[in-house]
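Notes for the structure review
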There are 6 protein chains.
Amino acid sequence: MNKDKPNLALGAHQQPFSGIPTFMRLPATRDLKDVEVAIVGIPFDSGTSYRSGTRFGPRKIRESSLMLWGYNTVLEVNPTKTLNVIDYGDVDVVPVDIKATNKAITDEVGVVLNSNSKVISLGGDHSVSFPLLQAHKEKYGPVAVIHFDSHPDTWNEEYPDQPYSHGTPFIRSLENGLIDVEAYVQVGIRGSVESSKDYEDSRRLGARLITIQEAYNFGIPSLINEIRKIVGNRPVYLSFDIDSIDPAYAPGTGTPEVGGFTSYEMLQMIRGLHGLNFVGFDMVEVSPPYDNNDITSLLAANLVFEFLSLFALMKQE
Amino acid sequence: MNKDKPNLALGAHQQPFSGIPTFMRLPATRDLKDVEVAIVGIPFDSGTSYRSGTRFGPRKIRESSLMLWGYNTVLEVNPTKTLNVIDYGDVDVVPVDIKATNKAITDEVGVVLNSNSKVISLGGDHSVSFPLLQAHKEKYGPVAVIHFDSHPDTWNEEYPDQPYSHGTPFIRSLENGLIDVEAYVQVGIRGSVESSKDYEDSRRLGARLITIQEAYNFGIPSLINEIRKIVGNRPVYLSFDIDSIDPAYAPGTGTPEVGGFTSYEMLQMIRGLHGLNFVGFDMVEVSPPYDNNDITSLLAANLVFEFLSLFALMKQE
Amino acid sequence: MNKDKPNLALGAHQQPFSGIPTFMRLPATRDLKDVEVAIVGIPFDSGTSYRSGTRFGPRKIRESSLMLWGYNTVLEVNPTKTLNVIDYGDVDVVPVDIKATNKAITDEVGVVLNSNSKVISLGGDHSVSFPLLQAHKEKYGPVAVIHFDSHPDTWNEEYPDQPYSHGTPFIRSLENGLIDVEAYVQVGIRGSVESSKDYEDSRRLGARLITIQEAYNFGIPSLINEIRKIVGNRPVYLSFDIDSIDPAYAPGTGTPEVGGFTSYEMLQMIRGLHGLNFVGFDMVEVSPPYDNNDITSLLAANLVFEFLSLFALMKQE
Amino acid sequence: MNKDKPNLALGAHQQPFSGIPTFMRLPATRDLKDVEVAIVGIPFDSGTSYRSGTRFGPRKIRESSLMLWGYNTVLEVNPTKTLNVIDYGDVDVVPVDIKATNKAITDEVGVVLNSNSKVISLGGDHSVSFPLLQAHKEKYGPVAVIHFDSHPDTWNEEYPDQPYSHGTPFIRSLENGLIDVEAYVQVGIRGSVESSKDYEDSRRLGARLITIQEAYNFGIPSLINEIRKIVGNRPVYLSFDIDSIDPAYAPGTGTPEVGGFTSYEMLQMIRGLHGLNFVGFDMVEVSPPYDNNDITSLLAANLVFEFLSLFALMKQE
Amino acid sequence: MNKDKPNLALGAHQQPFSGIPTFMRLPATRDLKDVEVAIVGIPFDSGTSYRSGTRFGPRKIRESSLMLWGYNTVLEVNPTKTLNVIDYGDVDVVPVDIKATNKAITDEVGVVLNSNSKVISLGGDHSVSFPLLQAHKEKYGPVAVIHFDSHPDTWNEEYPDQPYSHGTPFIRSLENGLIDVEAYVQVGIRGSVESSKDYEDSRRLGARLITIQEAYNFGIPSLINEIRKIVGNRPVYLSFDIDSIDPAYAPGTGTPEVGGFTSYEMLQMIRGLHGLNFVGFDMVEVSPPYDNNDITSLLAANLVFEFLSLFALMKQE
Amino acid sequence: MNKDKPNLALGAHQQPFSGIPTFMRLPATRDLKDVEVAIVGIPFDSGTSYRSGTRFGPRKIRESSLMLWGYNTVLEVNPTKTLNVIDYGDVDVVPVDIKATNKAITDEVGVVLNSNSKVISLGGDHSVSFPLLQAHKEKYGPVAVIHFDSHPDTWNEEYPDQPYSHGTPFIRSLENGLIDVEAYVQVGIRGSVESSKDYEDSRRLGARLITIQEAYNFGIPSLINEIRKIVGNRPVYLSFDIDSIDPAYAPGTGTPEVGGFTSYEMLQMIRGLHGLNFVGFDMVEVSPPYDNNDITSLLAANLVFEFLSLFALMKQE
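Residues numbered from 1 in each chain as written. Chains lettered and ligands numbered in written order. Predicted model: local features only at pLDDT ≥ 70, side-chain atom pairs only at ≥ 80, totals over all residues. Heavy atoms only, no water.

**Observations regarding the overall build of chain A**
For chain A, the helix and strand inventory stands at ten helices and eight strands. The C-alpha atoms of chain A give 18 Å as radius of gyration, which agrees with the globular expectation for 317 residues (20 Å, within 12%). Across its three principal directions, the C-alpha atoms of chain A cover 60 × 45 × 40 Å. In chain A, buried positions account for 73% of the 317 residues. A fraction of 77% describes how many contacts in chain A between residues 6 or more apart in sequence connect residues 24 or more apart. (Helix = DSSP H or I, 4+ residues; strand = E, 2+ residues; numbered from the N terminus. Rg over C-alpha atoms; globule rule 2.2 N^0.38 Å. Buried < 20%, exposed > 50% of the residue type's maximum accessible area, 1.4 Å probe, protein only. Contact = heavy atoms within 4.5 Å.)

And the structure:
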């Protein structure tokens, strides 16, 4: 960012109530020269099966990110100083057509990845992870996936003859070879399902499905080790559905499931993944119309800050 | 209603806080024998260009309708006693695919119309009016249309190469000959538009576009006469976008426009249309997540009650 | 349910945003033939001492139950396939007269119990448990009671000369011999009380009062064992006040008490009670006007789903 | 108020965000010596047929009244300087027993009236007007009544064998001779009713029922004259149901009816009644849980301020 | 705006749910070369006497402005095409120190005015109008002022020894010769005040104080003429307190006063002022934490759009 | 409290929905004779750096305190019977001037302390702790401080040349010798900061800064011991920022930080401090406009009840 051009995101001495909200007051630009990480919004919510509203996720996560002062006291890094990070703005989604939207996502994110920037995307509902994984596959080949969620998202179809929706991104990704099936872990799965086949299907497709009960039986530190063991040093993509967290901590989501992780547990879990070979992150299913005074978008912004910190630690090492 | 089959919508002596909410506690059934009017929900909101949430419109309008006690003191009719009315439930919409949704609407509503029942549909965003008009055209031929709205909804495309969305139902209907272009009136149009062409386009396509300024210059009684004159004794379909009313009275909508009608004015306007040859009604763009303690859905339920009363008066005459 | 009569609760391919909300889309009927479990709403809130609004509990729990897909992955049972379950609708309560309401509850629930169906009732405030226990006593004799709550509800009177209110159902039940006093356990009790006599009174009446401190000192697994030991193989009724859970997880209630259970702990606790000889359940004090985007009603619906699962397991064994 | 006893309602230089909220920072006391008007709260909401919550009406109206600075610029009077006014606190209502509550209201308000203070009461639902009129009848004999409402409240029973509820206070008052039947006017009546008999019943009982259509056909100035003509110089009691006003202006109420008065119209209407021989006022059906950022309680507080001003003008004349 | 630098405010085909919200997607810059109008945010709310929160006014008005498509159908102008308009971002306010804030406002806005750009500022509470008028006085000499408000804001002090707050900007401006006292009109004044002196003081200082009663007695067209007559062809500054509008239409404000203008009336009033010699505008007292689903910020954004249109018409003429 | 003067806070048999809300229905008075503890409100929110609204903290905490019945079942004490406690009302704060406010706080609280009453103050934002510590220093000399918070609040300046704000009270207190630097412990610190210097600065100034990670590594019982060891038998002041608790439990605050304590942990922690030599308490940063149905103010009221109980135990011992 040019010093001569004052950053209008600043204002009122950088107090969070002031200024035009880009993510963490980063420059809003599509100039990708020397960019190492781009924050990309994907305001699409037609893929949801219950409450819509995630189209406002990117905007609200950006706004809540103004509470982030920059230095990560646990991971001991200042990611936006360590890395050249920008706010790339939003993908041109098409609410009436998920196929057109998927193509727009893969294309636009492909442009960023091809510039050698990494991407952290802000959803949007979970349907966006399929086109995101497509773009990452084109750049990196099949990737390991760490998938935090309360639902396996490996249904075949939510509606007759409709392959795409927020319940199907991972079956589609597995079918299309986007995921390294040896290293695909789902964490936090819970809630009622249609039949006992639901979990079986996910496991048969190759997922290491860890329910919330298993997770708590492990305990967070052992669970971290389990995830690290599954992923190893493969290139890994982390897909984060905010409904993996309990609705008390993250009410602002489309299909909440009771009995989930606390915010502290989740922060520790993400921090515990430092040193893995991350190639991309998404933060999905934040639905501001159903939030409670922004506690969900604030938690999402903090988790994205941890994602940025994990990228920054990779550079430092 | 058969005494042998207790109506479970009843309960607690019919106080509105009690029971399972069908519209006005009408029987929920798909048995169309002898039915004269069917209430049909269309919970589709992927067509909107701003705030989603109208997928919850049908459910919430049904709930608010429990405040309706049955007798219309102004039009002096008890429509659910005069007519055999049912709650038909919801059309199987497909949030990820507006074309599949449009087909489902035209097909399902076609089944009802072919049974010789009339339909009052509860949206859903305004994109549903195109398939609704298709179904009515198939039954009645091109119909006159009274269209209350703040927007003309005659844009060509909101997204590249996407003919369908909540900004285009009336251009599509006009192009497809669903509307009797001699008798198409838009009432309450206002707000900023992309260019001076917007209103010109609507008028060139044949609409009698009455802005809110014109409406108030007429005054409600003269405006009623103007509408009646345009429609005459043609078969007429009334499409009601709740955003024709001011956001103070109807905040729960996706694309609110300030400076609109009051609830009293609108009730008087609808009542003033008695005696026209109505063939169908829709009530669209009620978005409960953005409502204020149900005042919008309550207003919508009352307007639907007026629609029912207009149907009932047609039978009495 | 007759195949010829389509279930109107369905709609939009059973996505939870669509259809008329009966509990889990079960048939709404008062035909009790072969019914094994009936869901019964009791929309009464005049018994509360602080915030009213539980009259909307049954309706909102039904709506949130549409998120339940049917199979319980922890208890490994699909209760609505295993059992013949119906939604019976609501009892005709009388807000101005608690005695008339109590009689209506005992009578209506008595009809269901006498048909050999079991009942899961949805409150309403906690005053409804006294007439519910009366009905169960008439069918089963004095029953063991597992009572989750933050308050003992064994006050003598909240208002002069008024025996009935939401602070007194268990003293009244004990006085009237509805409870097997050898097997009455209260779990989660906390918060300030009028005097040290409050807990003493409850214990003197026979309750095994377990405070939240005791509960956490046990730990959930030992606490489950303690409860099982108290109840043994007696016929047991479970009364669930949602305020036993912390307000972070269940804000939508009339008299919230801070420092309670988490949703995960509670789900595990209920599941841990499988195999007991349950004769009835109630879920009370869910107050939707004070909820936060339905997280309380969703938790209540999930707990009722666990209750149904416990009934289903009894049949399988 | 004694200078030696600082008024704790004051604080922060009397800015409305500060201090313990008595009505308009008046002294909270039950010492009735020389008191000319007492503000009396009646936090009872078991009489409502839809949404409860008016039990919080008195508290919230008091809080919103802190925005009132004291001088009425239209009626040109400072009522709390002209009159000796106190905040009497709340009547001891009994939510589970409307008969006990009615008696408590009549008794407590009777004490105040017998001290020669007048009473302005803050509800509570509209059932409280029957015991209030009883107390006023005992003091003044049958009184003229000006009744602003959207409902006639002259149903015989809302529940079988239950004479008292918020739908019946005026039939009970008429039956018991509390109202001077020659001078009973209802203003603003609207909405659907059970049958054409509803309005006929009210009129047959003696009410001059003025619907909202009649009201608007009169115009506010003529309507004021009509009311003044009906009442004449009789002792008159004004009963104000906030749902006479449109839900856009007064959403915080239990049984809202669309198509009502605006706040400006109502303020002008009340001010136009100056000079009548008022003996009492009530402000009922304000339900804070359903309000929108206190706009309803603020409007109620302003209307109560107009009531106080009318009393003050009576003294000045 | 340079084509090479894509405007990140765009996104998703310019649908309002997408992109980083500058006002009307205008470029966010402090480069004032050739700029004709600058939108300047002033997020200061320590001057309020009741509810704080206007510090979020500028951000939320920007967000709601994305609903504005560009062409004004009533005034027949596209202001952002006619004029070179930018979003200047926010002034660096100091919440703990109103004097430091006032200086920052006068200085920063002075920089803009000295570049020969005009300013439309987005508050913030009404205290900001004093430093804004100071900056305009320095550029233009004493200006005529059209002041829409429910309060005269000419109190001497709200707190002992504190000259500045949101109740005093106009007495300070008059004392300091910032206003052409021959041409200062206040419109919409109402509500209770401390004493009859309040209005007298305002008038004695020179204001033409028009109460809401006077305004309605004029009628909107005559009122417009009255204002035009007062102002003549003097350079005129318009200060707009959103609480001039009724809380039904504008609940999101700090000190709401019931009985105000409707949104339609106000839009017509502003449009009726075309052709006056405007030198500046402010839009103050929009308090998003107290808004109802953004209806207040949307109305404010629409009014700012009318201000822009008035500037654009001045250029065309 | 004199029996002759009925406590108007009572009402409706002391049910929490009734009466004028002083803290726990204590007498509202400034008569300090024989008073042992005074509850003092400080409705100041200009010191916050993000969301304002804590000016309504005192009023709302008082209202929520009506849920407290009096007897502490864990600490086994009835504090308002053991001690003579009053509600002193609010300090006269000046929103536009933090220095004038600080002086008013120190002076008014000094009056109370000099009467030999202790003070529990209800904020307001955290800037109030500096003047509170000044008043306590004048009475007790430098005090030990237990400081629960997510932020160290030892920034030098949030705005240029502004020593006072809610980010600086403890650096100011340390610089001014108000705190016994040997015994100053911060508990629960977390969240991103400007740089690694933030925590270093706090520690260099003398604080024993315990992060949330350290706290959980200790476990609550050991953490209690650690705090007790630091404080010893020194006179100790406890400053409680509600944002030390997780936003799930305490959303109603100005600068929430995710990943904090639960309500149960915090209650146990406060109770574990019994027997320390407390001289004062504050409860700050409760911001009702951002609360969720009062769960934050209810938690705050409960914590204040624990503070009262700690004072009461000191007297009993």
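**Examining the arrangement of the chains**
Across all C-alpha pairs, the smallest distance from chain A to chain D is 15 Å, and the two are not in contact. A minimum C-alpha distance of 15 Å separates chain C and chain E, which share no contact.

**Overview of the relation of the copies chain B and chain A**
There are two copies of the chain, and a rotation about an axis plus a shift along that axis relates them. Its rotation angle being 180°, the transformation that places chain B on chain A also includes 0.0 Å of axial translation and leaves an RMSD of 0.0 Å. Interpreted geometrically, this transformation is the action of a two-fold axis. Both copies share a contact surface, since 100% of the interface residues of chain B are interface residues in chain A too. (Least-squares fit on C-alpha atoms with pLDDT ≥ 70 in both.)

**Here's the deal with the relation of the copies chain A and chain E**
Rotating chain A by 180° and moving it 0.0 Å along the rotation axis overlays it on chain E with an RMSD of 0.0 Å. With an isologous cut-off of 70% or more, the 100% of interface residues of chain A that recur at the interface of chain E puts this contact in the isologous class.

**Description of the interface of chain B and chain A**
Taken residue by residue, the interface counts 24 residues in chain B and 24 residues in chain A. Between chain B and chain A, roughly 1,700 Å² of surface is buried when both sides are summed, and carbon and sulfur atoms account for 54% of that area. Of all residues in chain B, the largest losses of buried area upon contact with chain A belong to R55, V96 and Q162 of chain B, amounting jointly to 32% of the total for that side. At the junction of chain B with chain A, the criterion picks out eleven residue pairs in polar contact (both at pLDDT 80 or more). Broken down by class, the residue content of the side of chain B that touches chain A amounts to twelve nonpolar, eight polar and four charged. (Buried area = accessible area lost by both parts, 1.4 Å probe. Polar contact = N/O pair within 3.5 Å; in protein donor to acceptor, adjacent residues only side chain to side chain. Nonpolar A, V, L, I, M, F, W, Y, C, P; charged D, E, K, R; others polar.)

**A short note on the side chain of T168 of chain E**
With respect to the secondary-structure elements, T168 of chain E resides in the loop between β4 (143-148) and α5 (169-175). At 2.9 Å, the side chain of T168 of chain E forms a polar contact with the backbone oxygen of P163 of chain E.

**Considering the sheet that holds strand β4 (residues 143-148) of chain A**
All names here are of chain A. Taken in spatial order, the eight strands line up as β2-β1-β3-β8-β7-β4-β5-β6 in an open sheet, and their pairing is parallel. Both outer strands of the open sheet, β2 (85-90) and β6 (208-211), are each paired with one neighbouring strand and no more. Strand after strand, the sheet turns through a mean of 15° between neighbouring axes, direction not considered. Pairing analysis gives five bridges linking β4 to strand β7 (residues 235-241), with the strands arranged parallel. What sits directly across from I146, in β7, is L238. (Pairing = 2+ DSSP bridges. Axes fitted to C-alpha atoms, helices over the stretch in contact; angles between N-to-C directions.)

**A word on helix α10 (residues 295-316) of chain D**
The first and last C-alpha atoms of α10 of chain D sit 31 Å apart over 22 residues, in line with the 32 Å expected at 1.5 Å per residue. Among the 22 residues of α10 of chain D, 19 are classified as buried, and the element is accordingly described as predominantly covered. (Expected span 1.5 Å × (residues − 1).)

**Regarding the packing of helix α3 (residues 98-114) of chain F against helix α4 (residues 129-140) of chain F**
Residues and elements named next belong to chain F. Taken N-terminus to C-terminus, the directions of α3 and α4 make an angle of 35°; their axes are 8 Å apart at the nearest point. The two elements α3 and α4 cross, and the hand of that crossing is right-handed. Facing α3, whose interface residues are N102, I105, T106, V109, G110, L113 and N114, α4 presents F130, P131, L132, Q134, A135, H136, E138 and K139. Taken together, the residues that form the contact of α3 with α4 break down as seven nonpolar, six polar and two charged. (Left-handed = near helix turned anticlockwise from the far one by under 90°.)

**Focus: the environment of Y184 of chain E**
All names here are of chain E. With respect to the element layout, Y184 can be found in strand β5 (residues 179-189). Accessibility expressed as a relative area gives 1% for Y184, which makes it buried. Separated by 88 residues in sequence, Y184 and G272 have C-alpha atoms that sit 18 Å apart. What Y184 contacts, discounting residues up to four positions off in sequence, is V145, H147, P152, F170, L174, I179, G206, A207, R208 and I230.

**A short note on the confidence of the model for chain A**
All names here are of chain A. In the predicted model, chain A carries a mean pLDDT of 94, and 96% of its residues have values of at least 70. For the stretch residues 1-6, pLDDT sits under 50, and the model shows four contacts to residues farther than four places along the chain or on other chains. Across the interfaces of the predicted complex, the ipTM metric reaches 0.95, alongside a pTM of 0.97. (pLDDT = per-residue confidence, 0-100.)

**What about the interface of chain A and chain E?**
A common way to report how large an interface is uses the accessible area buried once the components associate. Each partner contributes residues to the interface: chain A has 32 residues there, and chain E has 32 residues. Contact between chain A and chain E buries roughly 2,600 Å² in total, counting both sides, with carbon and sulfur atoms accounting for 60%. If you look at where chain A meets chain E, you find two salt bridges. A salt bridge links R59 of chain A to E63 of chain E; the shortest N-O distance between them is 3.9 Å. At the junction of chain A and chain E, the tally comes to eleven residue pairs in polar contact (both at pLDDT 80 or more). Where the side of chain A that touches chain E is concerned, the elements lending two or more residues are α1 (57-64) and β2 of chain A. A breakdown of the residues in the side of chain A that touches chain E according to their chemical character gives 16 nonpolar, seven polar and nine charged. (Salt bridge = Lys/Arg side-chain N within 4 Å of Asp/Glu carboxyl O.)

**A word on the packing of aromatic side chains**
Under the definition given, this model contains 72 aromatic pairs over all chains. Where F281 of chain B meets F307 of chain B, the ring centres are 4.4 Å apart and the plane angle is 10°; that geometry is what we call stacked. Here F307 of chain B lies in helix α10 (residues 295-316) and F281 of chain B lies in strand β8 (residues 277-284), a separation of 26 residues in the sequence. For the pair formed by F281 of chain B and F307 of chain B, the shared burial category is buried. The structure contains a cluster of three or more aromatic residues connected by ring pairs, namely F148, F240, F278, F281, F307 and F311 of chain A. In this structure, R51 of chain B packs its charged tip against the face of Y290 of chain B, placed 4.2 Å from the ring centre. (Phe/Tyr/Trp six-rings, centres within 6.5 Å; stacked < 30°, edge-to-face > 60°. Lys NZ or Arg CZ within 6 Å of the ring centre and 35° of its normal.)

**Comments concerning the sheet that holds strand β5 (residues 179-189) of chain C**
Residues and elements named next belong to chain C. Read across the open sheet, the eight strands follow the order β2-β1-β3-β8-β7-β4-β5-β6; overall the sheet is parallel. Two strands lie at the open edges of the sheet, namely β2 (85-90) and β6 (208-211), each paired on one side alone. Within this sheet the neighbouring strands show an average axis-to-axis angle of 15°, counted without direction. Pairing between β5 and β6: four bridges, direction parallel.

**Description of the environment of L205 of chain D**
Residues and elements named next belong to chain D. Residue position: L205 is located in the loop between α6 (197-204) and β6 (208-211). Taking the C-alpha atoms as reference points, L205 and V93, 112 residues apart in sequence, are found 29 Å from one another. Dropping the residues within four chain positions of it, L205 is found in contact with T154, I171, L174 and V181.

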